[in-house]
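Inside the fold
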Amino acid sequence: TLSDANSVGLLHDLEHGEQTRSAHRYHDGLVDCLVAVTASNRRVGYARVALSSTALEAELRAMVRKGAEYTAVAIISGGLLAWLLVRTMMLRLARLSRTADAITAGSRSVALLDETGQDEVARLTRDFNGMVRALERDRIRQSGLMRQLDRANADLTRLADVSAHHLQEPVRRLILFSQSLRSQVQTPEGDTGLFDSLGQIERDGRYLRELLRDIQAYLAAGHVDPLTDFADAGAAADQACHK
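Presented here is an overview of the structure given in this document. Worth saying up front: this structure is predicted, and the values here are computed from it rather than measured.

For the rest of this paragraph, the subject is the pairing of strand β1 (residues 22-27). Here β1 runs beside strand β2 (residues 30-39); their pairing, made up of six bridges, is antiparallel. Considered in β2, the bridge of S22 is made with V35. Counting the residues between successive antiparallel strands, the hairpin from β1 to β2 contains two residues, one of them, D28, with a positive phi of roughly 55 degrees.

This next bit is on unusual backbone geometry. At S40, a position not held by glycine, the phi torsion is positive, near 55 degrees. Considering the arrangement of structural elements, one finds S40 in the loop between β2 and β3 (42-52). The backbone phi angle of N41 is positive, close to 65 degrees, even though this residue is not glycine. For N41, the position within the fold is in the loop between β2 and β3.

By the bridge criterion, 10 bridges tie β2 to β3 in an arrangement that is antiparallel. Paired with C33 across the bridge in β3 is V49. Linking β2 back to β3 in an antiparallel pair, the connection comprises two residues, with S40 at a positive phi of about 55 degrees.

Core analysis: the largest hydrophobic core is formed by six residues, namely L10, L11, L14, A23, L34 and A36. When residues of this core are traced back to their parent elements, those giving at least two are α1 (5-16) and β2. With three residues, the single largest contributor to this core is α1. A23 has contacts with L10, D13, L14, D32, C33 and L34, leaving out every residue within four places of it along the chain.

Our next topic: helix α4 (residues 193-221). Along an α-helix, a turn takes 3.6 residues, which lines up residues three or four apart on a common side. Relative to the 42 Å expected for 29 residues at 1.5 Å per residue, α4 spans 42 Å between its end C-alpha atoms, a close match to the ideal helical length. If you follow the buried residues of α4, they end up packed against α3 (120-184).

The geometry of α3 relative to α4 is characterised by a closest axis approach of 8 Å and an angle of 160 degrees between their N-to-C directions. Between α3 and α4, the angle falls in the class roughly antiparallel. In the packing of α3 onto α4, the handedness of the crossing is left-handed.

Here we take up the sheet that holds β3. As summarised here, the arrangement of the three strands in space is β1-β2-β3, forming an open sheet in which the pairing is antiparallel. The sheet is open, and its two borders are formed by β1 and β3, each paired with just one other strand. Each strand axis lies, on average, 20 degrees off the axis of its neighbour in the sheet, ignoring direction. Helix-sheet contacts for α1 involve β1, β2 and β3, and the interaxial angle to β1 is about 140 degrees. Relative to the sheet, helix α2 (residues 53-104) contacts β2 and β3, its axis offset from that of β3 by approximately 85 degrees.

Bringing a nonpolar patch on the surface into the picture now. Together, V86, M90, L93 and L124 give the surface a local cluster of nonpolar side chains, amounting to about 350 Å² of exposed area. Per-element accounting of the nonpolar patch gives the leading share, three residues, to α2.

As a further point, take the pattern of salt bridges. Applying the stated criterion to the full structure yields 10 salt bridges. Close ionic contact of D155 with R158 constitutes a salt bridge, the shortest N to O distance being 2.2 Å. With D155 and R158 both in helix α3 and three residues apart, this pair spans about one turn of that helix. The class of D155 is partly exposed, set by a relative accessible area of 40%. Across the pair R213 and E210 runs a salt bridge whose closest N-O atoms are separated by 3.6 Å. With R213 and E210 both in helix α4 and three residues apart, the pair spans about one turn of that helix. On the basis of relative accessibility, which here comes to 40%, the residue R213 falls in the partly exposed class. What makes E210 partly exposed here is its relative accessible area of 37%. Where salt bridges share partners, they join E169, R172 and R173 into one cluster.

Cut-offs and rules
- Residues numbered from 1 in each chain as written.
- Predicted model: local features only at pLDDT ≥ 70, side-chain atom pairs only at ≥ 80, totals over all residues.
- Heavy atoms only, no water.
- Pairing = 2+ DSSP bridges.
- Helix = DSSP H or I, 4+ residues; strand = E, 2+ residues; numbered from the N terminus.
- Core = buried A, V, L, I, M, F, W, Y, C linked by side-chain atoms within 4.5 Å.
- Buried < 20%, exposed > 50% of the residue type's maximum accessible area, 1.4 Å probe, protein only.
- Contact = heavy atoms within 4.5 Å.
- Expected span 1.5 Å × (residues − 1).
- Axes fitted to C-alpha atoms, helices over the stretch in contact; angles between N-to-C directions.
- Parallel < 35°, antiparallel > 145°, perpendicular 65-115°, else oblique.
- Left-handed = near helix turned anticlockwise from the far one by under 90°.
- Patch = residues over 30% accessible without salt bridge, like charges linked within 9 Å, V, L, I, M, F, W, Y side chains within 5 Å.
- Areas by Shrake-Rupley, 256 points an atom, 1.4 Å probe, with all protein chains shown as cover.
- Salt bridge = Lys/Arg side-chain N within 4 Å of Asp/Glu carboxyl O.

In structure tokens form, the structure reads like this:
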């Protein structure tokens, strides 16, 4: 029966309270709960449970403590996971930065980075690797062009050297023939045009010979060792300045 004061109060709270399915009261160190039992939308009875408020508070404190522990574990785990993710991202970005610095410094042995993944750093890494591949293709193509240019320069240098060497003899003969003609030709008194012409030929021949020698000296200077010959030249220049 539900004729005692507590039961009557619970029934009153159940009928007139905001909760139409249950009601509860605190009395005598208990938490007294009354729940309506329905079947096919008809109330067929009640279920009543009385729990010790002390035990219930202890249970609630234990639940709160466990909840706090779970929350702390979740926060620490989330923070650790976030730190690992950030550290991983920073390490990948640091590798990108070091590789970019190596390329800027002129390094030719740059290894491609790991580009697996779908995040922003992975996409950036794929773009960076594409740039590295393009730079390597350009470097190989440039190396081929430089080899061709070196061969062409070597051919031109040999041609100029051979030409300057073989032109020395015709110029020498031109000077000798001009001198010989000047010594053999007799001109009337006051007619110096022929002598002047032969003299001009001789002077032009000497000038051409000096030009050929300068060309040979210039070509020889292109093969000096910058670590030894330039140092010797600098020492010679210092001595000349002191004198």
